[in-house]
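Geometric and topological summary
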Amino acid sequence: MCVYNNCMKKLVIISGLSGSGKTTVSNYLEDKGFYCIDQYPPELYEELINLIQSEKFKYDNIALTVSLPDLEKYASLIYNFDLKPIFILLDSSTDVIINRYKFTRRVHPLLINGKAGTLSEAIEIEKTYLEKHKNNSIIIDTSSTSSKQLKEKLDEALSNKKEGNISISFVSFGFKNGIPKDTDAMFDVRFLDNPFYDPKLRKKTGNEKAVREYVLDKPKTQRYLKKLIAYLDFMFKAYDQNDDKRHLTICIGCTGGQHRSVTIANYLYKYYKDKYSCYIKHRELS
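Residues numbered from 1 in each chain as written. Predicted model: local features only at pLDDT ≥ 70, side-chain atom pairs only at ≥ 80, totals over all residues. Heavy atoms only, no water.

**Observations concerning the environment of Y45**
To keep things clear, this is the line we draw: To qualify as a helix, a DSSP run of H or I must reach at least 4 residues; to qualify as a strand, a run of E must reach at least 2; elements of each kind are numbered from the N terminus. Relative accessible area decides the class of each residue, using a 1.4 Å probe on protein chains only: under 20% of the type maximum gives buried, over 50% gives exposed, and in between gives partly exposed.
Within the fold, Y45 resides in helix α2 (residues 45-52). Among the residues examined, Y45 registers a relative accessible area of 0% and is labelled buried. When the C-alpha positions of Y45 and E30 are compared, they lie 20 Å apart, and in sequence the two are 15 residues distant.

**Re the packing of aromatic side chains**
Note the cut-off: Pairing of aromatic rings covers Phe, Tyr and Trp, the last through its six-membered ring, and needs centres within 6.5 Å; plane angles under 30 degrees mean stacked, over 60 mean edge-to-face, and all others mean tilted.
For the structure shown, the criterion picks out 10 aromatic pairs. Note on F187 and Y231: the rings are 6.0 Å apart at their centroids and 70 degrees apart in plane angle, and the pair reads as edge-to-face. Within this pair, whereas F187 is found in strand β7 (residues 185-188), its partner Y231 is found in helix α9 (residues 219-240), the two being separated by 44 residues in sequence. F187 gets classed as buried once you look at its relative accessible area, which sits at 13%. Relative accessible area serves as the criterion here: at 42%, Y231 is assigned to the partly exposed category. Here the aromatic residues F170, F236, Y271, Y272 and Y276 are joined through ring pairs into a cluster of three or more.

**Overview of the pairing of β7**
For clarity, the cut-off: Any two strands between which DSSP finds at least two bridges are classified as paired.
Every second residue of β7 is oriented toward a common face, the buried set being A185 and F187 and the non-buried set M186 and D188. The pairing of β7 with strand β8 (residues 247-254) spans 4 bridges and is classified as parallel. Bridging from a neighbouring strand, F187 pairs with I252 of β8.

**Section: the sheet that holds β8**
Hydrogen bonding along the main chain pairs the strands of a sheet, whether they run parallel or antiparallel. Operational definition: Axis lines are fitted to C-alpha atoms, over the contacting stretch for helices. Their N-to-C directions set the angle, which ranges from 0 to 180 degrees. Whether two residues touch is decided by their heavy atoms; if any such pair falls within 4.5 Å, the residues are in contact.
Ordered in space as β7-β8-β6-β9, the 4 strands form an open sheet in which the pairing is parallel. Looking along the sheet, the strands with just one partner apiece sit at the ends: β7 and β9 (277-282). Averaged over all adjacent pairs, the angle separating strand axes in this sheet is 20 degrees, with direction ignored. Contacting β6 (167-174), β7 and β8, α9 runs over the sheet at an angle of about 180 degrees to β7.

**Overview of the side chain of K22**
Under the convention used in this document: Neither His nor the chain ends contribute to the count of charged residues, in which Lys and Arg are positive and Asp and Glu negative. Basic side-chain nitrogens of Lys or Arg form a salt bridge, by our definition, when they fall within 4 Å of a carboxyl oxygen of Asp or Glu.
As for its placement among the helices and strands, K22 is situated in helix α1 (residues 22-31). Despite its burial, K22 pairs with no opposite charge; the closest candidate is E126, at 5.7 Å N-O. When neighbours within four sequence positions are excluded, K22 is seen to be in contact with I14, S15, G16, L17, T65, V66 and L90.

**Focus: the sheet that holds strand β4 (residues 86-91)**
Reading across from one edge, β2-β3-β1-β4-β5 is the order of the 5 strands in this open sheet, with parallel pairing throughout. Of all the strands in the sheet, just β2 (35-38) and β5 (138-141) have a single pairing partner and so form its edges. For this sheet the average axis-to-axis angle between neighbouring strands, irrespective of direction, equals 20 degrees. Here β4 runs beside β5; their pairing, made up of 4 bridges, is parallel. Each bridged residue has a counterpart across the sheet, and for L90 the counterpart in β5 is I140.

**Let's talk about the environment of R260**
Put simply, the rule reads: Here a polar contact is taken to be a pair of N or O atoms separated by no more than 3.5 Å, where protein atoms must pair a possible hydrogen donor with a possible acceptor and residues adjacent in sequence count only if both atoms sit in side chains.
Topologically, R260 is positioned in helix α10 (residues 260-272). When its relative accessible area of 3% is taken as the criterion, R260 is described as buried. Sequence separation between R260 and K73 is 187 residues; the distance between their C-alpha atoms is 53 Å. Not counting residues within four places of it along the chain, the set of residues in contact with R260 comprises V189, R190, F191, L192, D193, N194, P195, V215, C254 and T255. At a separation of 2.9 Å, a polar atom in the side chain of R260 contacts the main-chain carbonyl oxygen of L192.

**Points about the environment of K237**
Of note, K237 is situated in helix α9. Relative accessible area serves as the criterion here: at 52%, K237 is assigned to the exposed category. Sequence separation of K237 and N165 is 72 residues, and the distance between their C-alpha atoms is 9.6 Å.

**Focus on unusual backbone geometry**
The backbone phi angle of Q39 is positive, close to 55 degrees, even though this residue is not glycine. Structurally, Q39 can be placed in the loop between β2 and α2.

**Some thoughts on the pairing of β8**
Extensive coverage of β8 is indicated by the burial of 7 of its 8 residues. Examined bridge by bridge, β6 and β8 share 8 bridges and lie parallel to one another. Residue G174 lies in a different strand from β8, and its bridge partner there is C254.

Note that every value here comes from positions in space, so none of it alone points to a role or purpose.
Encoded structure:
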């Protein structure tokens, strides 16, 4: 049986009152590495679960945003599968929802489909739906919740053990093929001893043990990593406290992008992956 807290694949279903912040939650989870699908039809839920549980599915974290009426159908389906999703329901006061609609050009979905005659009536209908599922869901009231508080509540709800809210891509590259255009910070490791000049290592890459040990075992490399990590710790924490930027691309370059840069990028990825949502890419090896 696949239990959520122990399973590699995580499924979150987001629902709640229209105007309570479902899109904001979906965007945040997307920044955290979730594959997000908006208004996923319940009729396709069985196919999705079978796909998630197959070896071909490449996404570990999935989030579905669904309407409260569709949530009724999801609730009757989930017990047929071992993969149990976490339900996050967003609530808000009627006055706040009405005020939010006043400042947008959107029309409430229940008004569009004719199930309600006024905005107040539409909100009350949705609150009835919401009340039915409160006991089996995580409820977040967004009436007076700031963006930062909402993110903190989501991290707590999903038992997110990672310290940071930013995500980081570590990219290795070779200077001879040009500098990546999307870099936020670039580090040149061409001064490190080059495995290319060892005939036994020339055709290997930094993904292989022999090259990794050659680069990392050097005292010069160890001194460099100590200073580099101290700098990155400071920078990541500073960005983590600033909501203006949610993703960083850290590029590590050597001459050909095969040995030293790959080794250092892999080292940094493994060092930070339990603290932040991290990604690794080796441009010249792709």
